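Spelled out, the chains give:
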Amino acid sequence: MPFSLDNLLVIGISSRALFDLEAEETIFQEQGLDTYRQHQLREESSVLKPGAGFALVKALLKLNELTPGHRLVEVVIMSRNSSETSLRIFNSITHYGLDITRAALSGGAPLAPYLLAFNVSLFLSLHEDDVQAAINSGVASAMLYRLPENAADPEQIRIAFDGDAVIFSDESERIYQEHGVEAFEQHERENALKPLPEGPFARLLLALSYLQNNFKTPDGRAFPLRTALVTARASPAHERVIRTLRAWNIAIDETFFMGGVNKSAVLAAFKPHMFFDDQHGHCLHASNVVPTGRVPVKQVEMNGKQNSLIK
């Protein structure tokens, strides 16, 4: 019977996000494909160092060890490498004991068309075009920043999210950007009882909540997995967030209404395996202390041209 990826949390990750391939990327950009190919073949037995998404992938795969005979998470390597230059990647996967058996090697072609074929729930990459195309096709996706030095790798899986334009749509954030904080707060007061529309990571959060329910103890805690919402919102804009999560039947473990305060200190204390935010400035600060991924704004095609949904 064919193996089904339905009802699994499927993480699609580029080889450059899983492993540190920055030196190889420089060779490719500066010296071309043939020199890159020769380098990868020559270094085939040399193990790659962990990259920005390594700790998150390793942690999520541990969930399968807690449910023998019942897989919860699947990871697919999605790379623009060809099969010829990919053996170093697979050798490194084996070296670290990662339970990854599936791959999509596109030989330089865009990866986004294959995301739905593998039922990908979350796509992580350092290639901006692939991330943007994934978001445009409705797949939760983030472009990862360089791994900070001495990044924590806690035993418990920890994932942190920004709110607007990540978990929730950017509808309210557009009001803030275009009309200011007073208009934003008034809008949120008036719509406090109306759930926020879903953002690009809403379905991922629902999937994580489902996984948490597999590990609930009698006191209601889910030890292997912990989530946090770290949002620039503050009172009075907090109520709509709380009511929205309640309407979605999602309980986030820790919530921080920052009110514009820099998020880095809170993130350093929470120690997530990954933090997802939509704004480059926030991501840049956060990436100094925790692994960070930027969620791009979705683009829509109008008259044959790509247009950003203004934030």
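Note that this is a predicted model, so its numbers are computed, not measured. (Residues numbered from 1 in each chain as written. Predicted model: local features only at pLDDT ≥ 70, side-chain atom pairs only at ≥ 80, totals over all residues. Heavy atoms only, no water.)

The peptide bond linking S235 to P236 adopts the cis configuration, its omega dihedral lying at 10 degrees. Residues other than glycine seldom take positive phi values, yet N119 does so here, at roughly 55 degrees. Within the secondary structure, N119 sits in the loop between β3 (102-105) and β4 (122-125). (Helix = DSSP H or I, 4+ residues; strand = E, 2+ residues; numbered from the N terminus.)

For the coordinates displayed, the defined rule picks out two cavities of 30 Å³ or more. The volume enclosed by the largest cavity comes to roughly 50 Å³. In terms of lining residues, the largest cavity is bounded by L9, I11, L56, L60, L122, I159, L204, L208 and F276. Mapped by element, the contributors of at least two residues to the lining of the largest cavity are β1 (9-13), α4 (54-65) and α9 (202-213). Classifying every residue of the lining of the largest cavity gives nine nonpolar, no polar and no charged. When its volume is computed, the second largest cavity comes out at roughly 40 Å³. Surrounding the second largest cavity, E128, V131, Q132, M143, R294 and P296 form its lining. The leading source of residues in the lining of the second largest cavity is helix α6 (residues 128-136), at three residues. When the residues that make up the lining of the second largest cavity are grouped by side-chain class, the tally is three nonpolar, one polar and two charged. (1 Å grid on protein atoms, 1.4 Å probe; cavity = no way out; pocket = protein on both sides within 12 Å on 5 of 7 lines; lining within 4 Å. Points joined across faces, edges and corners; volume = space filled by probe spheres on them. Nonpolar A, V, L, I, M, F, W, Y, C, P; charged D, E, K, R; others polar.)

Judged by pairing direction, the sheet is mixed, and its 10 strands sit side by side in the order β3-β2-β1-β4-β5-β10-β9-β6-β7-β8 without closing on themselves. A single partner strand is all that each edge strand has here, and the edge strands are β3 and β8 (254-257). Strand-to-strand, the axes of this sheet are offset by a mean angle of 25 degrees, without reference to chain direction. Examined bridge by bridge, strand β6 (residues 157-161) and strand β9 (residues 274-277) share three bridges and lie parallel to one another. Paired with I159 across the two strands is M274, which belongs to β9. (Pairing = 2+ DSSP bridges. Axes fitted to C-alpha atoms, helices over the stretch in contact; angles between N-to-C directions.)

Let's shift gears to the environment of G199. Here G199 shows up in the loop between α8 (181-190) and α9. The spacing of G199 and D278 is 79 residues in sequence and 11 Å in space, taken between C-alpha atoms. Leaving out residues up to four positions away in the same chain, G199 has contacts with V166, I167, F168 and S169. (Contact = heavy atoms within 4.5 Å.)

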